[in-house]
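Understanding the architecture of this molecule
The residues making up each chain are set out below.
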Amino acid sequence: MELLFVALFGALIGLGARYFLPGRSTQGSVLVPAIGTAAASAVWVALTWLGWNWSGGWIWWMSLGAAAVSSVVLNLVISRQRIHADHRLLQRLANTGSAATA
C-alpha cells in the first residue's frame, strides 16, 4: 500500500516539475510525471530490499527526494536537448532546403 502512495507522490512531484520549469512545450505531458513516478518507486523498492523500515521517515525522504531531483534534472536536460535538436534541424533546412540531406 505504501508503494502506491510513493508512486502517487512521485507523479505529483513530476507534474509539479513539468508545470513549474521551462521547456514544457518540448515534451509530452506524461513524460516528467512518469520519470518522477519511476524514480520514487525504484528508490522505495531498493530501500525496502535493503531492509529500511516502511514506517521510518528516511525512506520517504529519500524516495521523494529522488523523484524531485530526477524530475527536475531530466526535465531540464530533455528540454535543452530538444531545443538544440530543433534548432539544428531548422538551420539544416534553411541551408539545404531538405531534412533528408545530411
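Residues numbered from 1 in each chain as written. Predicted model: local features only at pLDDT ≥ 70, side-chain atom pairs only at ≥ 80, totals over all residues. Heavy atoms only, no water.

**Re a nonpolar patch on the surface**
A grouping of Met 1, Leu 4, Phe 5, Leu 8, Phe 9, Leu 12, Leu 15 and Tyr 19 is seen on the molecular surface, where their side chains present a nonpolar patch of about 800 Å² in accessible area. Counting through the fold element by element, Leu 4 comes out in helix α1 (residues 2-20). (Patch = residues over 30% accessible without salt bridge, like charges linked within 9 Å, V, L, I, M, F, W, Y side chains within 5 Å. Areas by Shrake-Rupley, 256 points an atom, 1.4 Å probe, with all protein chains shown as cover. Salt bridge = Lys/Arg side-chain N within 4 Å of Asp/Glu carboxyl O. Helix = DSSP H or I, 4+ residues; strand = E, 2+ residues; numbered from the N terminus.)

**Overview of the pattern of salt bridges**
Following the criterion strictly, the structure yields 1 salt bridge and no others. Residues Arg 82 and Asp 86 are paired through a salt bridge, measuring 3.3 Å at the closest nitrogen-oxygen approach. Taken together, the residues span about one helical turn, with Arg 82 and Asp 86 both in helix α3 (residues 57-96) at a distance of 4 residues. Arg 82 sits in the partly exposed class, given a relative accessible area of 42%. Asp 86 gets classed as partly exposed once you look at its relative accessible area, which sits at 37%. (Buried < 20%, exposed > 50% of the residue type's maximum accessible area, 1.4 Å probe, protein only.)

**A look at the side chain of Asn 75**
For Asn 75, the location among the structural elements is in helix α3. Judged by its relative accessible area of 1%, Asn 75 is buried. Ignoring any residue separated from it by four or fewer positions in sequence, one finds Asn 75 in contact with Ala 17, Arg 18, Leu 21, Pro 22, Gln 27, Val 32 and Ser 70. (Contact = heavy atoms within 4.5 Å.)

**Observations concerning the nonpolar core**
In this structure, Val 6, Ala 40, Trp 44, Leu 47, Ile 59 and Ala 67 together form the largest nonpolar core, which totals 6 residues. For this core, the secondary-structure elements that each account for two or more residues are α2 (31-49) and α3. The residues touching Ile 59, leaving out its near neighbours within four places in the chain, are Trp 44, Leu 47, Thr 48, Trp 52, Asn 53 and Trp 54. (Core = buried A, V, L, I, M, F, W, Y, C linked by side-chain atoms within 4.5 Å.)

**Regarding α2**
Under the 1.5 Å per step criterion, the end-to-end length of α2 is 27 Å for 19 residues, consistent within 8% with the ideal 27 Å. Buried residues of α2: Val 32, Pro 33, Ile 35, Gly 36, Ala 39, Ala 40, Ser 41, Trp 44 and Leu 47, and no others. Residues of α2 that are buried in the fold lie against α1 and α3. Count one or two residues on from α2 and you reach Gly 51, which has phi positive near 95°. (Expected span 1.5 Å × (residues − 1).)

**Considering the packing of aromatic side chains**
Aromatic rings in a pair are described by how distant their centres are and how their planes are angled relative to each other. Applying the stated criterion across every chain, the model contains 1 aromatic pair. Of note, Arg 18 hangs over the ring of Tyr 19, and the distance from its end group to the ring centre comes to 5.1 Å. (Phe/Tyr/Trp six-rings, centres within 6.5 Å; stacked < 30°, edge-to-face > 60°. Lys NZ or Arg CZ within 6 Å of the ring centre and 35° of its normal.)

**Quick look at the confidence of the model for the protein chain**
In this model, the protein chain carries an average pLDDT of 92, and 94% of its residues clear a pLDDT of 70 or more. Model confidence for the protein chain, summarised as mean pLDDT per element, is weakest for α3 at 94 and strongest for α2 at 97. (pLDDT = per-residue confidence, 0-100.)

**Considerations on α3**
In a regular helix each residue adds 1.5 Å, so 40 residues correspond to 58 Å; α3 covers 58 Å between its end C-alpha atoms and thus fits that length. Buried within α3 are the following residues: Ile 59, Ser 63, Ala 67, Ser 70, Ser 71, Asn 75 and Ser 79. Against α1 and α2 lie the buried residues of α3.

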